[in-house]
Amino acid sequence: MHEFPITGSIIDILKKTIEDKDIKKVLKVNLLINPYGGIEPESIKFYYEFLTKDDPVLKDARLIFKKEKIKIKCINCGQCFKVFKLISTCNTCKGTNLSISFPEDIKIKSIEI
Ligand SMILES: [Zn+2]
């Protein structure tokens, strides 16, 4: 259910951008999601439609979701990886002491107008 406030904050950011740049119509919103963030694109689309139904600028925009890679650094050999699926051992030295940084659950990459 946390998609509802998330969608609200995405729309807030979009509205600010629209105002700043005097945009008349948003056709597409490209979003990046954390593959392990538990975000359901279908729910975001549903709430987006609901929350923008009276907004002529944002209404009917297509939401495109892409997965963002996870950054992993091997503490052992210093090697860095970017992966969609978590790994438990380093590809280079087979070490298991990995530092993992997940991307934000969702962020706006770009919009098309
Ligand atoms: Zn390593």
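Quick note: structure is the one above.
Conventions and cut-offs
- One numbering rule holds for all chains: residues counted from 1, following each sequence as written.
- Reporting in this predicted model follows two pLDDT cut-offs: at least 70 for local features of residues, and 80 or more for side-chain atom pairs to be given and counted; totals over whole chains, interfaces and linings ignore these cut-offs and use all residues.
- Side-chain numbers here rest on the full set of heavy atoms in the structure, without hydrogens or water.
- Under the DSSP-based scheme used, a helix requires at least four consecutive residues in state H or I and a strand at least two consecutive residues in state E, with every element numbered from the N terminus.
- Only C-alpha atoms enter the radius of gyration; for comparison, a globular chain is expected to reach 2.2 Å times N to the power 0.38, where N is the number of residues.
- What makes two residues a contact is simply this: any of their non-hydrogen atoms within 4.5 Å.
- Surface accessibility in these figures is a Shrake-Rupley result with a 1.4 Å probe; residues are shielded only by whichever protein chains are displayed.
- Here the positive residues are Lys and Arg and the negative ones are Asp and Glu; neither His nor the chain ends is included.
- A charged residue contributes its charge at one atom only: NZ of Lys, CZ of Arg, CG of Asp or CD of Glu.
- Coordinating donors are taken as N, O and S atoms within 2.8 Å of the metal, stretched to 3.2 Å for Na, K and Ca; because water is absent from the atoms, sites can appear incomplete.
- Only four donors with every angle between 85 and 135 degrees are called tetrahedral; only four or six donors with opposite donors over 155 degrees apart and all others between 65 and 115 are called square planar or octahedral, in that order; all others are irregular.
- Relative accessibility decides the category of a residue: with a 1.4 Å probe and only protein chains considered, values under 20% of the type maximum give buried, values over 50% give exposed, and everything between is partly exposed.
- For this analysis, a nonpolar core means a set of buried residues of the types Ala, Val, Leu, Ile, Met, Phe, Trp, Tyr and Cys, connected via side-chain atoms within 4.5 Å.

Visitor: Can you walk me through the overall build of the protein in this structure?
Guide: Counting its secondary structure elements, the protein contains 2 helices and 6 strands. Taken from N to C terminus, the helices and strands of the protein fall in the order α-β-α-β-β-β-β-β. Taken over C-alpha atoms, the radius of gyration comes to 18 Å for the protein, far larger than the 13 Å a tight globule of 113 residues would show. In terms of principal-axis extent, the alpha carbons of the protein reach across some 55 × 30 × 15 Å. Long-range pairs, those at least 24 residues apart, make up 68% of the contacts in the protein between residues at least 6 apart in sequence. Element-wise, carbon and sulfur atoms account for 53% of the exposed surface of the protein, whose accessible area totals about 7,400 Å². Here the protein contributes 20 positive and 15 negative side-chain charges, whose respective centroids are spaced 10 Å apart.

Visitor: Looking at this structure, how should I read the coordination of the zinc ion?
Guide: Where a metal carries four tetrahedral donors, each ideal angle is 109.5 degrees; where it carries six octahedral donors, the ideal angles are 90 or 180 degrees. Coordination sphere of the zinc ion, protein contribution only: C74 (SG), C77 (SG), C90 (SG) and C93 (SG), at 2.3 Å. Seen from the zinc ion, its 4 donor atoms lie at angles of 104 to 114 degrees, and the figure they make is tetrahedral. Taken in sequence order, the residues that donate to the zinc ion follow the motif C-x2-C-x12-C-x2-C. Separated by 19 residues along the polypeptide, C74 in strand β3 (residues 70-74) and C93 in the loop between β4 (80-83) and β5 (98-101) bring together distant segments of the chain. Using a relative accessible area of 30% as the deciding quantity, one classes C93 as partly exposed.

Visitor: Mind showing me how you'd approach the nonpolar core here?
Guide: Proteins that are soluble and globular tend to have nonpolar side chains buried together. Among the nonpolar cores identified, the biggest contains 19 residues, and V26 and I106 are the most heavily contacted of them. When contributions to this core are tallied by element, the ones reaching two or more residues are α1 (3-21), β1 (28-33), α2 (41-51) and β2 (62-67). Top contributing element to this core by residue count: α1, with 5 residues. Sequence-distant contacts of I106, defined by excluding residues within four places in its chain, comprise I6, I10, L31, L32, I33, I39, I44 and F65. Formed by 7 residues, the second largest nonpolar core is a distinct cluster that contains I72, C74, F81 and C90.

Purely geometric stuff here, so don't read any function into it on its own.
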